[in-house]
Amino acid sequence: MPAAADDVRRLVPGPREPAAVQVLRFMRDEPGYTAELHARHGDVFHIRIERRRWVVLADPEHVKQLFTTPPDVVHAGDANEILRPVLGPHSVLVLDEGEHLRQRRLLLPQFHGERLAAWRSEMERVAAEQVRRMPPGRPFSLRPHLTAIALEVILQVVLGTRGAEEHDRLAGPVDRLLAFLGRPSALLLPLAAGPDSPLVRRQLAPRLAPVDRELYRLIAERRAAGDLTQRTDVLSLLLGARDEDGTPMTDAELRDELVTLIVAGHETTATALAWAFERLTRDPGRLARLETEAAAGTERTYAEAVFREALRLRPVLNNVLRTVVRPVEIGGTRFPPGVVLAPSILLIHRRPEVYPEPQAFRPERWLGQSPGTYTWIPFGGGTRRCIGAAFAQMEMEVVLHAIARAVRLEPVGAPERPVARFITASPERGGEVRIAA
Ligand code: HEM
């Protein structure tokens, strides 16, 4: 760690317990531990979580300052380095400044406006088909069903998979990679040894190789097919893209962008939906309200309020990260290069002056109320805000309706605690439910 970065202990308060204790407590119960540190140290505090020390930000005003800081002063790509072994060095998530902007400009239009609207009916079809596979009469976890929906949708959008054969070739390897990353131990090695350690590469190789093989095969097939201009998937668009000097993207660049969209674009959405049902099934009156809206099929307002509230109370990612590369002042403190600034989505979303009774799941708080840019940040913000935010919100609304229209779900067992699955916070049993008779 650069000496300057370690100086944060002189700049902001934080826990005194040994680093190992901090890591352990954070991994066991991030919401409880960060809430305790917030109460003890205030809106800005440091914490040792990985090889680097984070400065956690819990004041929306500070988050605004950070999200509007130019991308040559703070880097998100550097801060996301833990993702590099899986996503690759060309991923939009791990790039910064000019290179990042170039990839982002290519990808963003795919997930907005008319292109986005065109995917709605496909999402509806995939969701309705999956609901029919949910077992009647016995407890089951929603997450695998929600993941299957989101994976099928993202594979179609990103790769343009046509037919079961193309889909199955990739779905199996991607599922196995995600299942491996979902284990609690998956982050330990990259956190301890660093993302570029050969040990990390060796550990990941057997899971990554089948995904890469299929992706490179698909890239080669698509390059040869010659029907790019008639296709609307992201891969075809990227294959046709050219740099200012006319250079096309290399296969390695294409692979990294595709893996990024597939990985970033399906477990996140599935986890958000699992949380929505985990909360909603414990609240029959509100579930009934969603069912009524879904049955009528004319409004989307309540579904929107449900996923906004689920993402507020149980954000899929608890933090976003930025590394300081040039000195920057946030909240009156000047941070030197090397410091990792971590807006806490969790703490921002639980500020009582913004969200009265912050621990309560109350979708009604969103009716007639738009989310604040710096007080509702499940998708991060600024020039790094999630590329798939609009896409994910449409998908959540479609899937909430599709399920609420087709079945009445009941909760099974106690309320579920958040547990870490790779970098996401997921309900411990994946949203365990039963279909009511
Ligand atoms: C509920 C679902 C989702 C959640 C909660 C979520 C959350 C996030 C967050 C917190 C970030 C980091 C933002 C920052 O650093 O400020 C992010 C980035 C990103 N997300 Fe999502 N995401 C979701 C769905 C998706 C989907 C569906 C896609 C793809 C279609 C996607 C693609 C990306 C990409 C490419 C980035 C990197 C953006 C950049 O660095 O410029 N995400 N997401």
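For the structure, check the block above.
What counts, and where the lines are drawn
- Residues numbered from 1 in each chain as written.
- Predicted model: local features only at pLDDT ≥ 70, side-chain atom pairs only at ≥ 80, totals over all residues.
- Heavy atoms only, no water.
- Helix = DSSP H or I, 4+ residues; strand = E, 2+ residues; numbered from the N terminus.
- Rg over C-alpha atoms; globule rule 2.2 N^0.38 Å.
- Buried < 20%, exposed > 50% of the residue type's maximum accessible area, 1.4 Å probe, protein only.
- Contact = heavy atoms within 4.5 Å.
- Lys, Arg positive; Asp, Glu negative; His and termini not counted.
- Charge placed at Lys NZ, Arg CZ, Asp CG, Glu CD.
- Axes fitted to C-alpha atoms, helices over the stretch in contact; angles between N-to-C directions.
- Parallel < 35°, antiparallel > 145°, perpendicular 65-115°, else oblique.
- Left-handed = near helix turned anticlockwise from the far one by under 90°.
- Nonpolar A, V, L, I, M, F, W, Y, C, P; charged D, E, K, R; others polar.
- Salt bridge = Lys/Arg side-chain N within 4 Å of Asp/Glu carboxyl O.
- Pairing = 2+ DSSP bridges.
- Near = heavy atom within 4 Å.
- Phe/Tyr/Trp six-rings, centres within 6.5 Å; stacked < 30°, edge-to-face > 60°.

Chemist: Would you mind going over the overall build of the protein with me for this structure?
Modeler: Counting its secondary structure elements, the protein contains 19 helices and 12 strands. A globule of 437 residues ought to have a C-alpha radius of gyration of about 22 Å, and the protein, at 22 Å, matches this closely. For the C-alpha atoms alone, the extent of the protein along its principal axes is close to 55 × 55 × 40 Å. In the protein, which comprises 437 residues, the share counted as buried stands at 56%. A sequence separation of at least 24 residues applies to 73% of the contacts in the protein between residues at least 6 apart. Mean positive and mean negative side-chain charge positions of the protein (59 and 56 charges, respectively) differ by 4 Å.

Chemist: Quick question: what am I supposed to make of unusual backbone geometry here?
Modeler: Negative phi values dominate among residues other than glycine, just as trans dominates among peptide bonds. The phi dihedral of E97 is positive, around 50 degrees, even though this residue is not glycine. We classify E97 as partly exposed; its relative accessible area is 34%. Positive phi values are uncommon outside glycine, yet E357 reaches one of about 50 degrees. Mapped onto the elements of the fold, E357 is located in the loop between α18 (345-348) and α19 (389-406).

Chemist: Whenever I open this one, the packing of helix α10 (residues 143-159) against α19 confuses me. Can you help?
Modeler: Axis angle and axis distance: for two packed helices, these are the angle between their axes and the distance between the axes, and together they describe the pair. The interhelical angle for the contact between α10 and α19, taken along N-to-C directions, is 135 degrees, at an axis separation of 12 Å. With respect to α19, the axis of α10 lies oblique. Handedness of the crossing formed by α10 with α19: right-handed. For the pair α10 and α19, the contacting residues are L146, I149, A150, V153, I154 and V157 in the first and F391, E395, V399 and I403 in the second. A class-by-class count of the residues in the contact of α10 with α19 yields nine nonpolar, no polar and one charged.

Chemist: How should the pattern of salt bridges be read in this particular structure?
Modeler: In a structure, side chains of opposite charge can pair up when their charged atoms sit close to one another. The tally for this structure, following the rule as stated, stands at 39 salt bridges. R421 is the salt-bridge partner of E267, the closest N and O atoms lying 2.9 Å from each other. With a gap of 154 residues between them, E267 in helix α15 (residues 251-280) and R421 in strand β10 (residues 418-421) connect regions that are remote in the sequence. By the burial criterion, E267 is buried, and R421 matches it. Here R312 makes a salt bridge to E309, at a shortest N to O gap of 2.9 Å. Here E309 and R312 lie together in helix α17 (residues 301-313), a separation of three residues that amounts to about one turn. For the pair R312 and E309, a shared accessibility class is recorded, and that class is buried. Salt bridges linked by common partners bring E122, R125, E129, R133 and E152 together as one network.

Chemist: Which parts of the structure should I look at to understand the sheet that holds strand β4 (residues 140-141)?
Modeler: Strands in a sheet are paired, the pairing made by backbone hydrogen bonds, and the direction either parallel or antiparallel. Ordered by their spatial adjacency, three strands build an open sheet running β4-β12-β9, and the pairing between neighbours is antiparallel. Among the strands making up the open sheet, the edge pair consists of β4 and β9 (409-411). Here β4 pairs with strand β12 (residues 432-435) via two bridges, running antiparallel. Residue F140 lies in a different strand from β12, and its bridge partner there is V433.

Chemist: Looking at this model, I keep getting lost on the site of the ligand. Mind explaining?
Modeler: The environment of the ligand is made up of 26 residues, and the closest members are H100, R104, R322, R384 and C386. Those elements that provide at least two residues to the shell around the ligand are α7 (97-107), α15 and α19. Considering each element in turn, the shell around the ligand owes the most residues, five residues, to α15. Here the residues of the shell around the ligand are counted per class, giving 16 nonpolar, seven polar and three charged.

Chemist: Please explain the packing of aromatic side chains as it appears in this structure.
Modeler: Any aromatic ring pair is given by two values, namely how distant the centres are and how the planes are angled relative to each other. Tallying each qualifying case throughout the model produces six aromatic pairs. Ring geometry for F67 and Y374: centres 6.5 Å apart, planes at 40 degrees, overall tilted. A residue pair is termed long-range when its members are at least 10 positions apart, and F67 in helix α5 (residues 60-67) and Y374 in the loop between α18 and α19 qualify at 307 residues. Relative accessible area serves as the criterion here: at 7%, F67 is assigned to the buried category. When the centroid spacing of 5.5 Å and the interplanar angle of 85 degrees are considered together, the rings of F111 and F391 count as edge-to-face. Here F111 is found in the loop between α7 and α8 (113-118), whereas its partner F391 is found in helix α19, with 280 residues between them in sequence. By relative accessible area, which is 2% here, F111 ends up buried. The class for F391 is buried, based on a relative accessible area of 3%.

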